[in-house]
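Each chain is listed here by its residues.
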Amino acid sequence: MKIELKGNKALVTGASSGIGRALAKSLARAGMGLAISGRRKDALDSLAKEIVDAGGEAPVVLTADLSQRGEAERLGARAIEALGRVDVLVNNAGVGIGGSQVVVADDDEARTLFETNYWSPLALTRALVPGMRHRNRGAIVNISSIGSVTPMPLAGHYSSSKAALSLATETLRMELRDTDLHVLHVLPGPVETGMLAEFKVVPGGEKVLASMPRGNVETLAKKIIRGLEKRTRAFVYPGSLAIVRHLPTIAVRATAIATRGVDVSDQRKLMGGSSGGELALKARAAFENRA
Ligand SMILES: NC(=O)c1ccc[n+]([C@@H]2O[C@H](COP(=O)([O-])OP(=O)(O)OC[C@H]3O[C@@H](n4cnc5c(N)ncnc54)[C@H](OP(=O)(O)O)[C@@H]3O)[C@@H](O)[C@H]2O)c1
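Bear in mind the structure is a predicted one, so any value in this text is a computation, not a measurement.

With respect to a positive patch on the surface
Line of reasoning, step 1. Residues Arg29, Lys222, Lys223, Arg226 and Lys230 make up a contiguous surface patch of positive charge.
Line of reasoning, step 2. In terms of residue count, helix α9 (residues 217–230) provides more of the positive patch than any other element does, 4 residues in total.
Line of reasoning, step 3. Here lysine 230 shows up in helix α9.
Line of reasoning, step 4. Under the relative-accessibility criterion, lysine 230 is labelled exposed at 63%.

This is how it looks when you write it as structure tokens:
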């Protein structure tokens, strides 16, 4: 059954910037009522204003820190209370960290990353899927990464969290196959956002990106909308990177070759995101202030 966006309700996490912000605008243009979430209230308020100025329904702003255990479950309940129901859940919020496995290990930063990138999407799924099942209508969109297939030195925690999310997404699809609910698994490659700017300052990041195509948030948002409308199961964007998903052994080998010479003795922990470390914040600010 086709998923009707117009008149229905969506919760978008990580809506304060990048992919989530562009997607929230596209969903509003398609006629959806939205709850938009992130930690930065100013950025969410300005998005809400942009949507209203463009003629869309005023979104509900729900700030939440998804690195805190329990916040995702509460966010799900708040979204239902504010919107009446949630038909489309977009698990988009995510964060990166640069640092080798022996430096980052299972430190607080690594646990924060997993709480945000993996546990929170699962908690939101449990908070919202029962309502969708009851109505036998709805969709879950999980924004994973092509990094779920190709690890690289000094970015292993991010890739591991996305690999876990990708497998959880495909498991969810199997668990919902006797329903009309739709699961859309999105695997972006490099897309120009603040997060990509941060990735470039991780040793080896620029080198890996040099041979890859770059995408933009507006085109990705359009593809997600089309994926929802056509009930696409999964896609890689930019599409020329789909081979990475289909031939993972070769992709892993190619990344290993491309990252030869990266200084893996680097002792830094480079926490990303809007509350990340100095280097990440500088890279993010330079991206946001670009001409
Ligand atoms: N850009 C790429 O090349 C690329 C490639 C593959 C996958 N992805 C994935 O795409 C998604 C969006 O990333 P992006 O590229 O658009 O980067 P971005 O601009 O940095 O957006 C990340 C979003 O996640 C939110 N977020 C981060 N930590 C959070 C926390 N603790 N609690 C609540 N929200 C949090 C941020 O909101 P606040 O800062 O306001 O909290 C922000 O809205 C992520 O899941 C990322 O892993 C991106």
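Focus: the pairing of strand β2 (residues 33–38)
Within a regular strand, side chains alternate between the sheet's two faces.
Line of reasoning, step 1. Of all 6 residues that make up β2, 6 are buried, and the element is covered over most of its length.
Line of reasoning, step 2. Alternating positions in β2 separate into two faces, Gly33, Ala35 and Ser37 on one and Leu34, Ile36 and Gly38 on the other, with burial throughout.
Line of reasoning, step 3. Pairing analysis gives 4 bridges linking strand β1 (residues 9–12) to β2, with the strands arranged parallel. Each residue of the ladder has a partner; that of lysine 9, found in β2, is glycine 33.
Line of reasoning, step 4. In the classification by handedness, the crossover that spans β1, the intervening helix α1 (residues 18–29) and the parallel β2 is right-handed.
Line of reasoning, step 5. In this sheet, strand β3 (residues 60–63) lies alongside β2 in parallel orientation, the contact comprising 4 bridges.

Some points on the packing of aromatic side chains
Working definition: an aromatic ring pair is given by the centre-to-centre distance plus the angle between the planes.
Line of reasoning, step 1. Tallying each qualifying case throughout the model produces 1 aromatic pair.
Line of reasoning, step 2. Judged by centre distance (4.8 Å) and plane angle (65°), the ring pair of tyrosine 118 and tryptophan 119 falls under edge-to-face.
Line of reasoning, step 3. Accessibility expressed as a relative area gives 16% for tyrosine 118, which makes it buried.
Line of reasoning, step 4. Here the basic side chain of arginine 290 rests over the ring of phenylalanine 287, its NZ or CZ set 3.9 Å away from the ring centre.

A look at the sheet that holds β3
Line of reasoning, step 1. If you walk across this open sheet you meet the 7 strands as β3-β2-β1-β4-β6-β7-β8, and the pairing is parallel. Each having just a single partner strand, β3 and β8 (234–237) make up the two edges of the open sheet. Averaged over all neighbouring strand pairs, the angle between strand axes comes to 15°, with direction disregarded.
Line of reasoning, step 2. Two elements, strand β7 (residues 182–188) and β8, share 4 bridges in a ladder whose sense is parallel. By the bridge assignment, histidine 185 is partnered in β8 with alanine 234.
Line of reasoning, step 3. The strands touched by helix α3 (residues 71–83) within the sheet are β1, β2 and β3, with β3 carrying the most contacts at an inclination of about 165°.

Some details on the site of the ligand
Line of reasoning, step 1. The ligand sits among 31 residues. The nearest are Ser16, Arg39, Tyr158, Thr193 and Ser274.
Line of reasoning, step 2. Isoleucine 19 is positioned such that a nitrogen or oxygen atom in its backbone is 2.8 Å from an oxygen atom of the ligand.
Line of reasoning, step 3. A distance of 2.7 Å separates an oxygen atom of the ligand from a polar backbone atom of asparagine 92.
Line of reasoning, step 4. Alone, the ligand offers 870 Å² of accessible surface; in the complex the protein occludes 97% of this.
Line of reasoning, step 5. Put simply, the parts of the chain that give the shell around the ligand at least two residues each are α1, α6 (156–175) and α7 (194–200).

Definitions and cut-offs
Residues numbered from 1 in each chain as written. Predicted model: local features only at pLDDT ≥ 70, side-chain atom pairs only at ≥ 80, totals over all residues. Heavy atoms only, no water. Patch = residues over 30% accessible without salt bridge, like charges linked within 9 Å, V, L, I, M, F, W, Y side chains within 5 Å. Areas by Shrake-Rupley, 256 points an atom, 1.4 Å probe, with all protein chains shown as cover. Salt bridge = Lys/Arg side-chain N within 4 Å of Asp/Glu carboxyl O. Lys, Arg positive; Asp, Glu negative; His and termini not counted. Charge placed at Lys NZ, Arg CZ, Asp CG, Glu CD. Helix = DSSP H or I, 4+ residues; strand = E, 2+ residues; numbered from the N terminus. Buried < 20%, exposed > 50% of the residue type's maximum accessible area, 1.4 Å probe, protein only. Pairing = 2+ DSSP bridges. Right-handed = clockwise from strand over helix to strand, strands pointing away. Phe/Tyr/Trp six-rings, centres within 6.5 Å; stacked < 30°, edge-to-face > 60°. Lys NZ or Arg CZ within 6 Å of the ring centre and 35° of its normal. Axes fitted to C-alpha atoms, helices over the stretch in contact; angles between N-to-C directions. Contact = heavy atoms within 4.5 Å. Near = heavy atom within 4 Å. Polar contact = N/O pair within 3.5 Å; in protein donor to acceptor, adjacent residues only side chain to side chain.

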